[in-house]
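Remarks on the overall topology
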Amino acid sequence: MLDSKNNITPIQEIEAALLQEKEVRLFIKRDDLIHPQVSGNKWRKLKYNLLTAKAQKQETLLTFGGAFSNHIYATAAAGKVFGFKTIGLIRGERIEPLNPTLAYAEEVGMELHFITRSDYRKKEEVIYQKQIREQFGAFFLIPEGGTNMSAIKGCAELVEEVQEQLPELPDYWCASCGTGGTLSGIIAGLNGQKEVLGFSALKGDFHQQDISKLLHKVSDTFKVSDTLDNWQVNTDYHFGGYAKFKPPLIDFMNTFKKDNNIQLEPIYTGKLFYGIYDLIKNDYFPSGSSIFAVHTGGLQGIAGFNRRFGNIIM
Ligand SMILES: *Cc1c(COP(=O)(O)O)cnc(C)c1O
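Worth saying up front: this structure is predicted, and the values here are computed from it rather than measured.

**A few points about the sheet that holds strand β4 (residues 85-91)**
Strand order in the open sheet made by the four strands is β5-β4-β3-β6, with parallel pairing throughout. Edge strands, defined here as strands with exactly one partner in the open sheet, are β5 (111-115) and β6 (140-142). Strand-to-strand, the axes of this sheet are offset by a mean angle of 20°, without reference to chain direction. Here strand β3 (residues 60-65) pairs with β4 via six bridges, running parallel. The residue bridging Leu-61 from the neighbouring strand is Thr-86, located in β4.

**A look at the packing of helix α2 (residues 40-55) against helix α7 (residues 149-165)**
Running from N to C, α2 and α7 point in directions that differ by 125°, and their axes come no closer than 6 Å. Between α2 and α7, the crossing angle belongs to the class labelled oblique. Along this stretch, α2 crosses α7, giving a crossing that reads as right-handed. Across the interface between the two elements, Arg-44, Lys-45, Lys-47, Tyr-48, Asn-49 and Thr-52 from α2 touch Ser-150, Ala-151, Lys-153, Gly-154, Cys-155, Glu-157, Leu-158 and Glu-161 from α7.

**A word on the environment of Glu-134**
Residue position: Glu-134 is located in helix α6 (residues 126-136). The sequence separation of Glu-134 and Arg-25 amounts to 109 residues, and the corresponding C-alpha distance is 54 Å.

**A closer look at the nonpolar core**
Core analysis: the biggest nonpolar cluster contains 31 residues, and Phe-256, Phe-273, Ile-276, Phe-285 and Ile-291 have the highest contact counts within it. Looking at this core, the elements that each hand over two or more residues are α1 (17-22), β2 (25-29), β7 (172-177), β8 (195-200), α10 (247-260), α11 (269-281), β10 (290-294) and α12 (301-309). Top element by residues in this core is α11. It accounts for six residues. Beyond its immediate sequence surroundings of up to four residues, Phe-285 is in contact with Val-24, Tyr-172, Leu-197, Ile-276, Leu-279, Ile-280 and Ile-291. In terms of nonpolar packing, the next biggest core, distinct from the first, is built from 26 residues, Leu-183, Ala-188, Val-218 and Phe-292 among them.

**Quick word on helix α3 (residues 70-82)**
Taking 1.5 Å of rise per residue, the 13 residues of α3 would be expected to cover 18 Å, and the 18 Å separating its terminal C-alpha atoms lies within 8% of that figure. Regarding α3, the residues found buried are Asn-70, His-71, Ile-72, Tyr-73, Ala-74, Thr-75, Ala-76, Ala-77, Ala-78, Gly-79 and Phe-82. As for α3, its buried residues are in contact with α2, β3, β4, α4 (100-107), β6 and α12. For α3, the capping residue at the N-terminal end is Ser-69, with a side-chain oxygen 3.0 Å from the backbone nitrogen of His-71.

**Notes on the pairing of β7**
In terms of residue burial, β7 counts as a mostly covered element, since six of its six residues are buried. Sheet topology note: the β7/β8 ladder contains six bridges and is parallel. Bridge pairing in β8 places Ala-175 opposite Gly-198. Taken together, the three bridges between β7 and β10 define a ladder with parallel strand orientation. If you follow Cys-174 over to β10, its bridge partner there is Ala-293.

**Digging into the domain arrangement of the protein chain**
With domains assigned, the protein chain is organised as domain 1 (11-37 + 148-309) and domain 2 (41-146). Centre-to-centre separation of domain 1 and domain 2, based on C-alpha positions: 25 Å. At the junction of the two partners, domain 1 supplies 25 residues and domain 2 supplies 24 residues. Summing both partners gives a buried area of about 2,200 Å² for domain 1 against domain 2, and 53% of it is carried by carbon and sulfur.

**Quick look at the sheet that holds strand β9 (residues 231-234)**
If you trace the six strands from one edge of the open sheet to the other, you get β1-β2-β10-β7-β8-β9, paired in mixed fashion. The open sheet has two edge strands, β1 (11-14) and β9, and neither has a second partner. Across the sheet, the axes of successive neighbouring strands diverge by a mean angle of 25°, strand direction being ignored. As defined by bridge partners, β8 adjoins β9 across four bridges and the pair is classed as parallel. What sits directly across from Val-196, in β9, is Trp-231. Strand contacts of α11: β1, β2, β7, β8, β9 and β10, with the helix running at about 165° to β10, the strand carrying the most contacts.

About the cut-offs
For every chain, the first residue of its written sequence is number 1, and the numbers climb from 1 along that sequence. Selection of residues for local features in this predicted model requires a pLDDT of at least 70, selection of side-chain atom pairs for listing and counting requires 80 or more, and totals for whole chains, interfaces and linings are taken over all residues. Excluding hydrogens and water, the side-chain values take into account all heavy atoms of the structure. Strands are treated as partners if at least two bridges between them are detected by DSSP. The helix count covers DSSP runs of H or I at least four residues long, the strand count covers runs of E at least two residues long, and both are numbered beginning at the N terminus. All axes here are fitted lines through C-alpha atoms, helices being fitted over the stretch that makes contact, and every angle between N-to-C directions spans 0 to 180 degrees. Note on angle classes: values under 35 degrees are labelled roughly parallel, values over 145 roughly antiparallel, values of 65 to 115 roughly perpendicular, and the remainder oblique. Here a crossing is taken to be left-handed if its near helix is turned anticlockwise relative to the far helix by less than a right angle, and right-handed if that turn runs clockwise. Any two residues whose heavy atoms approach within 4.5 Å at even a single point are treated as in contact. Definition used in this section: a nonpolar core is a set of buried Ala, Val, Leu, Ile, Met, Phe, Trp, Tyr and Cys residues joined via side-chain atoms within 4.5 Å. When a residue's accessible area, from a 1.4 Å probe over protein chains only, is under 20% of the maximum for its type it is buried; when over 50% it is exposed; and in between it is partly exposed. The length a helix should cover is 1.5 Å for every residue beyond the first. Pairing of N or O atoms within 3.5 Å defines a polar contact, subject to two protein rules: one partner must be a possible hydrogen donor and the other a possible acceptor, and residues neighboring in sequence count only if both atoms are side-chain atoms. An automatic or database domain assignment supplies the residue ranges for each domain. Two parts lose some accessible area (1.4 Å probe) when they are put together, and adding that loss for both gives the buried area.

So, in structure tokens, the structure goes:
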């Protein structure tokens, strides 16, 4: 079941007057359909982590996340499906009733521990990790958001899949960036071919540096060039920062769903497609070009979002 050949997601072409007018084509990789609970890029990021954990005969996965984290939800689900005990260290205090993300995680067996924001900031530090090893015993550690070398390997496979699905590789490869792990995988998979465009879901321009570092780390293992420059991260569409939004974003997502019957969520994919459409309107993509965007899933977050903000997402 961890063999991705069983989980090849469809590529769907979007039809819209704007695309015709600008003479560009837009393809969506429907990774939101990759698995019912282990959704989108989180499936790809977890795959080799789970295989490594199994090979090491580890029984427990431990990871970190915020209260609405897609990664926490996916890791909890993956633990249940693939037979691991799971522990989630969650930033902040436990608030009852739990939001839908955490309620689900707990329901499928994840042991939730709430840690202070200051401890959460220390999660990469050796001393802190030693402390949690003493507290929780043996576990396989998966970092926040799942981003590590195994995750990049899993995301790079997306490119191989597309190679088999389309007669030729699209010109522009677009994906949302949280930690940048998914984009790094796509960049590594393409290894210098075509253009890669990340859309940051967060405020700040740390992505350029973070992704360069990740690519540097994987360059030996994956035999990819260490000097790839066919990629960039756009920071114009974060709508104020992580999990922030403005009405035009929600309107866009609802219209997109009505027109294409594809659900987006407000944290990542809504901002991605808003950005792509805005760039198309502003003639960023030359006419005749093909644009490829990854729907990285994450739809589980909508329930919690609508509960907080009043069912604004259709
Ligand atoms: C986690 C997530 C991302 C961000 O992925 P990174 O690899 O951290 O950049 C994008 N989209 C969705 C839906 C996610 O859940």
